[in-house]
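Understanding the architecture of this molecule
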Amino acid sequence: MYSMRSSVSVPARPLARHSAVMPVPGGTAVGVADAEDRTRDRVLNAVLEHGPVSAAELGDMLGFTPAAVRRHLDHLQRAGVIEVKRVAKAGAGAGRPARRYVLSSQGQSKLGDDYLNIASSALRRLRDLAGEEAVRDYAVERFAEMEQRYAPEVDLAGSDIAARAVALSKALSRDGYVASAASIETKAPLPASLSSVQLCQGHCPIQQLAAEFPVFCDTETELFSRLVGVDVRRLSTLAQGGHVCTTHIPTGRPAAKEALGFPKLQAAPHVESNKSNQTISKKGRDDGSIS
């Protein structure tokens, strides 16, 4: 699982004068505040992975009492790394919307790469010197490497689109995207062809970069289409203010990779190789050696 211990710094609660300490071998004393910080990291990690999520659901997941969960949630909310989303309850009529916790924009920023500002400056310079197409070429090259790693794993899931989406979510989670795939089955009288999977990503390592350069989101969406085998649609992105990146994947129709119209991503060296092959083929036709 993606660990946030080294990435997120949540202000520690001041240690009270009467706080107990636990002696450990070697003479080192570990204060209650350290244990609080570790527990708070677990709560934050659960909000990242499962948000929007309620306090009660977090308590069940982590084995904490409701009071303990709310205490940590209140601290994280004061620190600005999580926020409350009001979600209407299904069938609840005019009742009060439920409170659900998600990572805030500040929290997402804290999880980002420390070098994103440098990367943004470099891409702006690249755009100024070579144009928007050069930025897209860079994005394509970046995701080509991801496609090469993910494709064998997704292909092992077979031709079932939902299974391929689950395999993709596992690959994304391994790279720190905190992804999940939830099936949405339709019921009569709606046709089964409207069934789908929602692929959610709770974290984006390049969120700040994608906010300035949306081509990264566009290129990633094209990648998902090729990997699962159907045309997909982006419903929300972290870069544009969503609490998660959500991709709609229709599962009610057969996979049709060839019909998508998206060429497989190729990094620059492969493009040059293709050009060379075209030259060889043309030469063969000219001298009659290739029919």
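All values reported here derive from a predicted model rather than from experimental measurement.

The rules behind the values
- Residues numbered from 1 in each chain as written.
- Predicted model: local features only at pLDDT ≥ 70, side-chain atom pairs only at ≥ 80, totals over all residues.
- Heavy atoms only, no water.
- Axes fitted to C-alpha atoms, helices over the stretch in contact; angles between N-to-C directions.
- Helix = DSSP H or I, 4+ residues; strand = E, 2+ residues; numbered from the N terminus.
- Parallel < 35°, antiparallel > 145°, perpendicular 65-115°, else oblique.
- Left-handed = near helix turned anticlockwise from the far one by under 90°.
- Contact = heavy atoms within 4.5 Å.
- Nonpolar A, V, L, I, M, F, W, Y, C, P; charged D, E, K, R; others polar.
- Polar contact = N/O pair within 3.5 Å; in protein donor to acceptor, adjacent residues only side chain to side chain.
- Pairing = 2+ DSSP bridges.
- Salt bridge = Lys/Arg side-chain N within 4 Å of Asp/Glu carboxyl O.
- Buried < 20%, exposed > 50% of the residue type's maximum accessible area, 1.4 Å probe, protein only.
- Phe/Tyr/Trp six-rings, centres within 6.5 Å; stacked < 30°, edge-to-face > 60°.
- Lys NZ or Arg CZ within 6 Å of the ring centre and 35° of its normal.
- Core = buried A, V, L, I, M, F, W, Y, C linked by side-chain atoms within 4.5 Å.
- Expected span 1.5 Å × (residues − 1).
- Bend = angle between axes of the 7 residues up to and from the residue.

Overview of the packing of helix α6 (residues 132-155) against helix α9 (residues 215-228)
Angle between the axes and distance between the axes: these two values describe a pair of packed helices. Taken N-terminus to C-terminus, the directions of α6 and α9 make an angle of 30 degrees; their axes are 9 Å apart at the nearest point. The pairing of α6 with α9 is recorded here as roughly parallel in orientation. Like other packed secondary-structure pairs, α6 and α9 cross with a definite hand, here right-handed. On α9, the residues that touch V135, R136, Y138, A139, V140, R142, F143, M146, E147, Y150, A151 and V154 of α6 are V215, F216, T219, E220, E222, L223, R226 and L227. Here the contact of α6 with α9 is composed, by residue class, of 13 nonpolar, 1 polar and 6 charged.

A closer look at the side chain of Q207
Checked against the element boundaries, Q207 lands in helix α8 (residues 207-212). A polar side-chain atom of Q207 sits 3.4 Å from the main-chain carbonyl oxygen of L238.

Comments concerning the sheet that holds strand β8 (residues 245-250)
One open sheet accounts for 4 strands, arranged β5-β6-β8-β7; its pairing is antiparallel. Single-partner strands in this sheet number two, and they are β5 (179-184) and β7 (233-236). Strand-to-strand twist in this sheet, taken as the mean axis angle between neighbours without regard to direction, amounts to 25 degrees. The pairing of β5 with strand β6 (residues 196-201) spans 6 bridges and is antiparallel.

What about the pattern of salt bridges?
Taken as a whole and judged by the stated rule, the model has 9 salt bridges. A salt bridge links R149 to E145, with the shortest nitrogen-to-oxygen separation between them at 2.5 Å. Residue R149 and its partner E145 are located together in helix α6, separated by 4 residues, close to a single helical turn. Judged by relative accessible area, which is 36%, R149 ranks as partly exposed. Each member of the salt-bridge network shares a partner with another, and the members are E145, R149 and D175.

Let's talk about the packing of aromatic side chains
What the rule picks out here adds up to 1 aromatic pair. Ring geometry for Y138 and F216: centres 6.2 Å apart, planes at 70 degrees, overall edge-to-face. Taken together, the residues span a long stretch of sequence, with Y138 in helix α6 and F216 in helix α9 at a distance of 78 residues. Residue classification places Y138 among the partly exposed residues on the basis of a relative accessible area of 41%. Lying across the ring of F143, R142 places its NZ or CZ 5.0 Å from the centre.

Looking at the nonpolar core
With 35 residues, the main nonpolar core has Y150, L168, L172, F216, F224 and I249 as its most contacted residues. Elements represented by at least two residues in this core include exactly α6, α7 (161-174), β6, α8, α9 and β8. Ranked by residues supplied to this core, first place goes to α9 with 7 residues. Beyond its immediate sequence surroundings of up to four residues, F224 is in contact with L168, L172, L199, Q201, V232, R234 and T247. In this structure, L44, V47, L58 and L76 belong to the second largest nonpolar core, which totals 19 residues.

Some thoughts on α6
End to end, α6 covers 33 Å across 24 residues, agreeing with the expected 34 Å (1.5 Å per residue, within 8%). The principal kink in α6, of about 30 degrees, is found at R149, preceding the proline P152 by one to four residues. All buried positions along α6 are accounted for by A134, V135, A139, V140, F143, A144, M146, E147, Y150 and V154.

Comments concerning the pairing of β8
The buried fraction of β8 amounts to 5 of the 6 residues, a majority that puts the element mostly inside the structure. Sheet analysis places β6 next to β8, joined by 6 bridges and oriented antiparallel. Paired with C200 across the strands is T246, a residue of β8. Sheet analysis places β7 next to β8, joined by 3 bridges and oriented antiparallel. Looking across to β8, one finds that R233 is bridged to H248.

Some words on unusual backbone geometry
Trans is the prevailing form of peptide bonds, just as negative phi is the prevailing case for residues other than glycine. Unusually for a residue other than glycine, V178 sits at a positive phi of about 50 degrees. Within the element layout of this structure, V178 appears in the loop between α7 and β5. With a relative accessible area of 9%, V178 lands in the buried category.

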